[in-house]
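What follows is each chain in one-letter form.
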Amino acid sequence: MDPIHNPYAPGAGTPPPELSGRQDLLERVRIAIGRTRLGRPAKGFIAVGLRGVGKTVLLREALAMATGEGFHTCFIEAHEQKRLAELLVPHLRRLLLDLDRLGRLAAEVKRGLRVLKSFLSGLKITYGEAELALDIDPEIGAADSGSLEADLSELFAAIGRAAMVRETQIALFIDEIQYFGHRDLGALIMALHRCAQERLPVLLISAGLPQMVGLAGRAKSYAERMFEFPQLGALSREDADRAVAAPAQAQGVVVTPDALDAIHSEARGYPYFIQEWAYHAWNAAPGPRIDREVILVASPPALKRLDESFFRVRFDRLTPREKHYLRAMAALGPGTWRAGEIAERLHVRPTSVAPLRSGLIGKGMIYSPQHGETAFTVPMFDDFLRRIMPDWAPPSASR
Ligand SMILES: Nc1ncnc2c1ncn2[C@@H]1O[C@H](COP(=O)(O)OP(=O)(O)O)[C@@H](O)[C@H]1O
Ligand SMILES: [Mg+2]
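Sorry if this is basic, but what is going on with the nonpolar core here?
Here is a general trend for soluble globular proteins: nonpolar side chains tend to be buried in one another's company. F273 and L326 are the most contacted members of the largest nonpolar core, which totals 78 residues. In terms of residue count, the dominant contributor to this core is helix α13 (residues 292-315) (eight residues). For F273, the residues in contact, after removing those within four places along its chain, are A267, L306, F310, F311, P379 and M380. Counting 59 residues, the second largest nonpolar core, distinct from the first, contains L92, I174, V202 and F227.

Honestly, the pattern of salt bridges in this entry has me stumped. Any pointers?
Any two side chains of opposite charge can pair if their charged atoms end up close together. A complete count under the given rule lists 28 salt bridges for this structure. Where R194 meets E154, a salt bridge forms, and the shortest distance between an N and an O atom there is 3.7 Å. Residue R194 is found in helix α7 (residues 182-197), and its partner E154 is found in helix α6 (residues 148-165); the two are separated by 40 residues along the sequence. Classification of E154 as partly exposed rests on a relative accessible area of 22%. Residue R289 is joined to D291 by a salt bridge in which the shortest nitrogen-to-oxygen separation is 3.7 Å. Where salt bridges share partners, they join R111, R114, E139, E154, R161, R194 and E198 into one cluster.

I tried to follow the sheet that holds strand β11 (residues 373-376) on my own but got confused; where do I start?
Picture the strands of a sheet paired through backbone hydrogen bonds; they go either parallel or antiparallel. Spatially, three strands are ordered β9-β11-β10 in an open sheet, and the strand pairing comes out antiparallel. Whereas interior strands pair on both sides, the edge strands pair on one side only; in this sheet they are β9 (337-338) and β10 (366-367). On top of the sheet, helix α14 (residues 320-331) reaches β9, β10 and β11; it is set at about 95° to β11, its chief contact.

Just checking my understanding: could you explain helix α4 (residues 107-123) for this structure?
One turn of the α-helix equals 3.6 residues, which is why residues spaced by three or four share an orientation. Across its 17 residues, α4 extends 24 Å between first and last C-alpha, which sits within 8% of the 24 Å expected from 1.5 Å per residue. Listing the buried residues of α4 in full gives V109, R111, G112, L113, V115, L116, S118, F119, L120, G122 and L123.

Could you clarify how one ought to interpret the side chain of E139 in this entry?
Positionally, E139 belongs in the loop between α5 (129-132) and α6. E139 gets classed as buried once you look at its relative accessible area, which sits at 18%. One polar contact links E139 to R114, side chain to side chain, over a distance of 2.8 Å.

Cut-offs used in this document
- Residues numbered from 1 in each chain as written.
- Chains lettered and ligands numbered in written order.
- Predicted model: local features only at pLDDT ≥ 70, side-chain atom pairs only at ≥ 80, totals over all residues.
- Heavy atoms only, no water.
- Core = buried A, V, L, I, M, F, W, Y, C linked by side-chain atoms within 4.5 Å.
- Buried < 20%, exposed > 50% of the residue type's maximum accessible area, 1.4 Å probe, protein only.
- Helix = DSSP H or I, 4+ residues; strand = E, 2+ residues; numbered from the N terminus.
- Contact = heavy atoms within 4.5 Å.
- Salt bridge = Lys/Arg side-chain N within 4 Å of Asp/Glu carboxyl O.
- Pairing = 2+ DSSP bridges.
- Axes fitted to C-alpha atoms, helices over the stretch in contact; angles between N-to-C directions.
- Expected span 1.5 Å × (residues − 1).
- Polar contact = N/O pair within 3.5 Å; in protein donor to acceptor, adjacent residues only side chain to side chain.

Structure, rendered in structure tokens:
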């Protein structure tokens, strides 16, 4: 069928034609937004899940919700090489300037801007001048101690108060939050804690890889009581079928039950894979009917596309030793493996590959579901590694 009318949306953060299976979670987000708007206590969110399960899509949906409710928002994507303050400051500056323009002169808003200015001097962060020009004197003695935890808390509280006098709320969206280091994460949690204690309307809605639950708890032990950690995973069979069938049906296209079976056995309910298979199925179908034969034709290009994009970009960021380690893990099969089992497969002592393993966790390739365990953060990455490194063999024991 005509690709121009293809409704499916494989991609990163690309909204799917049918947002399937996330209604309960979106309802919880809606409640938290509503409560924040009324000045009632609400827990923030750290949604966790593997790559391609729809975390970014969900954040975008929540962003639209918050904006619709009149919140002032910022959306940040954390990054391996960037510090929290560096990413946050330009957004907070814009936010405060927006609050400033929102009404008549307000002391709390001006103070927010001054505190931001002192925050910058305290941390000695340098930015492009145009980016950060703040034509205001710093608030000496506030948020300029040089301790990130203390200063960020002070800054968040100042911004929260500024929002309060403007009778608005702030929602902070952070994607890939697992990339923040221990110190940054601790400071962020503490700053939000301060806002909660002062009943200031600042809500965090964020998403990250599964290791985030542990990282947050280690950064601040009270994190588990401050946030909800909803788990996003593969869709149930029913939701997966709807993600495929509903968009087709909307254009008068039938997807037969055996086609749905075939897609499910390939995509296993993972949202990104579902989009990729459905997309190729649409293009391969000769007419307004997607059946099992169509899926058989669509599967090789769908898989090729996955290999060349979703899997490949991650594979290309690995060093040869990292590839070797992960390939040994893939050789063990799907699932979760103890670090010792992987080392054994490589005929090395676990301690000698411990730094390699930590590096791979830092890169977001693997995570530790339980202490000492290791699993891929990308669904079906083990299959891919076996495809792309077919001739790999474990080193012989004698070496
Ligand atoms: N609930 C859903 N139902 C169907 N497709 C979805 C759903 N959530 C996400 N997708 C699709 O999955 C892909 C990956 O989504 P994304 O939000 O980028 O995942 P993540 O951020 O977890 O890696 C996108 O192509 C998106 O259209
Ligand atoms: Mg994402």
